[in-house]
Amino acid sequence: MMRTQCLLGLRTFVAFAAKLWSFFIYLLRRQIRTVIQYQTVRYDILPLSPVSRNRLGQVKRKILVLDLDETLIHSHHDGVLRPTVRPGTPPDFILKVVIDKHPVRFFVHKRPHVDFFLEVVSQWYELVVFTASMEIYGSAVADKLDNSRSILKRRYYRQHCTLELGSYIKDLSVVHSDLSSIVILDNSPGAYRSHPDNAIPIKSWFSDPSDTALLNLLPMLDALSRFTADVRSVLSRNLHQHRLW
């Protein structure tokens with residue numbers, strides 16, 4: 001009897017220790033993710049000369065169109081059998097939306113440095129969200145990314161896309177009739193197939209905490225915001241990149 005009780009007690013202790021260890025690993029991963037995601041980054045902006053400042057003041061403010069999924073964030077929802085993120089990785093936020101009268105939870109992970117990226121580029125461009133996702137989901141994600149900063153006020157969703165051969169195409173003319181000052185950042189070349197000369201391709205992001213793609217784009221976006229001619233005369237030279245992703 002005593003031996004049986006000892007075995008039961010040992011099993012209980014082992015089970016408790018295993019749960020405690022799992023919880024510790026969860027907290028450690030979360031802390032590491034937080035450190036990587038919000039590590040201090042610097043992007044130095046050199047002061048302009050009076051002449052350059054005057055010329056820049058005459059440049060029309062351009063529009064930067066931003067995709068959401070796999071460009072700025074990655075998410076998965078309840079019922080996904082094989083989520084692309086590593087098990088145990090905590091989401092940055094959870095959205096609860098109702099789709100077709102059914103409540104659905106989305107676990108959303110922000111691409112590394114996305115908050116810093118949005119803060120910086122909002123000083124150079126008018127930011128516009130254009131996603132092929134449903135509005136009830138895309139609007140909630142945009143609200144979280146905006147974080148009451150009022151930098152993502154203009155938004156377009158699935159109903160603003162054109163459906164061709166099962167794919168949603170983003171027509172940039174719905175954003176502005178003058179395409180010479182519009183830049184779209186999107187991981188899917190198919191989404192901007194009607195306007196490849198306006199696009200900056202970016203590799204799809206799912207879970208890599210060391211990703212720096214958004215930071216790497218800042219010098220180019222900085223220079224492009226100061227460009228006085230048609231942006232397509234520059235971006236059309238990157239056509240070979242559209243086939244990479």
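Anything mentioned here points back to the structure above.
To keep things clear, this report deals only with the structure shown in the data block. Nothing here was measured: the structure is a model prediction, and the numbers come from that model. The residue count restarts for each chain, going from 1 along the sequence in the order it is written. This being a predicted model, a pLDDT of at least 70 is required before a residue's local features are given, and a value of 80 or more before pairs of side-chain atoms are given or counted; all residues contribute to the totals for chains, interfaces and linings. Derived side-chain values reflect all non-hydrogen atoms in the structure, with water molecules and hydrogen atoms excluded from consideration.

### Notes on the overall build of the protein
- Numbering goes from the N terminus for both helices and strands, where a helix is a DSSP run of H or I of at least four residues and a strand is a run of E of at least two. Within the protein one finds six helices and ten strands.
- Looking at the 245 residues of the protein, the share that counts as buried comes to 39%.
- In the protein, the share of contacts with a sequence separation of at least 24, taken over all contacts with a separation of at least 6, comes to 73%.
- Computed with the Shrake-Rupley method and a 1.4 Å probe, the accessible areas treat only the protein chains shown as cover for residues. Accessible surface computed for the protein: about 14,500 Å², of which carbon and sulfur atoms make up 58%. Relative accessibility thresholds used throughout: buried, under 20% of the residue-type maximum; exposed, over 50%; partly exposed, between the two (1.4 Å probe, protein chains only). Contacts are residue-level and defined by heavy atoms, with any inter-residue pair within 4.5 Å sufficient.

### Let's talk about the packing of aromatic side chains
- Pairing of aromatic rings covers Phe, Tyr and Trp, the last counted by its six-membered ring, and requires centre-to-centre distances within 6.5 Å; plane angles under 30 degrees mean stacked, over 60 mean edge-to-face, and any other angle means tilted. Following the criterion strictly, the structure yields two aromatic pairs and no others.
- With 4.6 Å between their ring centres and 45° between their planes, Phe106 and Tyr137 make a pair best called tilted. In this pair, Phe106 sits in strand 4 (residues 102-110) while Tyr137 sits in helix 4 (residues 135-146), placing the two residues 31 residues apart along the sequence.
- Look at Phe106 and you get buried, because its relative accessible area is 10%.
- The exposure class assigned to Tyr137 is buried, which follows from its relative accessible area of 5%.

### Section: the packing of helix 3 (residues 114-121) against helix 5 (residues 213-225)
- Closest axis-to-axis distance for the helix 3/helix 5 pair is 10 Å, and the angle between their directions is 10°. The angle between helix 3 and helix 5 falls in the class roughly parallel. The two elements helix 3 and helix 5 meet at a crossing, and its hand is left-handed. From helix 3, Val114, Phe116, Phe117, Val120 and Val121 reach across to helix 5, where they touch Leu214, Leu215, Leu218 and Leu221.
- Ten residues, namely Ala, Val, Leu, Ile, Met, Phe, Trp, Tyr, Cys and Pro, are considered nonpolar, four, namely Asp, Glu, Lys and Arg, are considered charged, and the remaining ones, Gly among them, are considered polar. Grouping the constituent residues of the contact of helix 3 with helix 5 by class yields nine nonpolar, no polar and no charged. Axes here refer to lines fitted to C-alpha atoms; in helices the fit is confined to the stretch in contact. Angles between the N-to-C directions go from 0 to 180 degrees. Convention used here: angles under 35 degrees read as roughly parallel, angles over 145 as roughly antiparallel, angles from 65 to 115 as roughly perpendicular, and any remaining angle as oblique. Each crossing gets its hand from how the near helix is turned against the far one by less than a right angle, where anticlockwise is left-handed and clockwise is right-handed.

### Thoughts on helix 3
- Of the positions making up helix 3, those classed as buried are Val114, Phe117, Leu118, Val120 and Val121. Projection of helix 3 onto a plane perpendicular to its axis shows the buried side chains occupying an angular sector of 165°, all on one side. Throughout, the arc means the angular range of directions from the helix axis out to the C-beta atoms.

### Structural notes on the pairing of strand 4
- We call two strands paired when DSSP finds no fewer than two bridges between them. Relative to strand 4, strand 2 (residues 73-77) is paired through five bridges, and the arrangement is antiparallel. Considered in strand 4, the bridge of His74 is made with His109.
- Across seven bridges, the pairing between strand 3 (residues 93-99) and strand 4 is antiparallel. Pairing of Val98 across the sheet is with Pro103, part of strand 4.
- Between the end of strand 3 and the start of strand 4, which pair antiparallel, lie two residues, with Asp100 showing a positive phi angle near 50°.

### As for the side chain of His74
- As for its position among the elements, His74 is in strand 2.
- Assessed through its relative accessible area of 5%, His74 is described here as buried.
- Here a polar contact is taken to be a pair of N or O atoms separated by no more than 3.5 Å, where protein atoms must pair a possible hydrogen donor with a possible acceptor and residues adjacent in sequence count only if both atoms sit in side chains. Within the structure, His74 has its side chain in polar contact with the side chain of Glu70 (distance 2.5 Å).
- His74 has contacts with Thr84, Val85, Phe107, Val108, His109, Trp205 and Phe206, leaving out every residue within four places of it along the chain.

Just distances and angles here, no functional claims.
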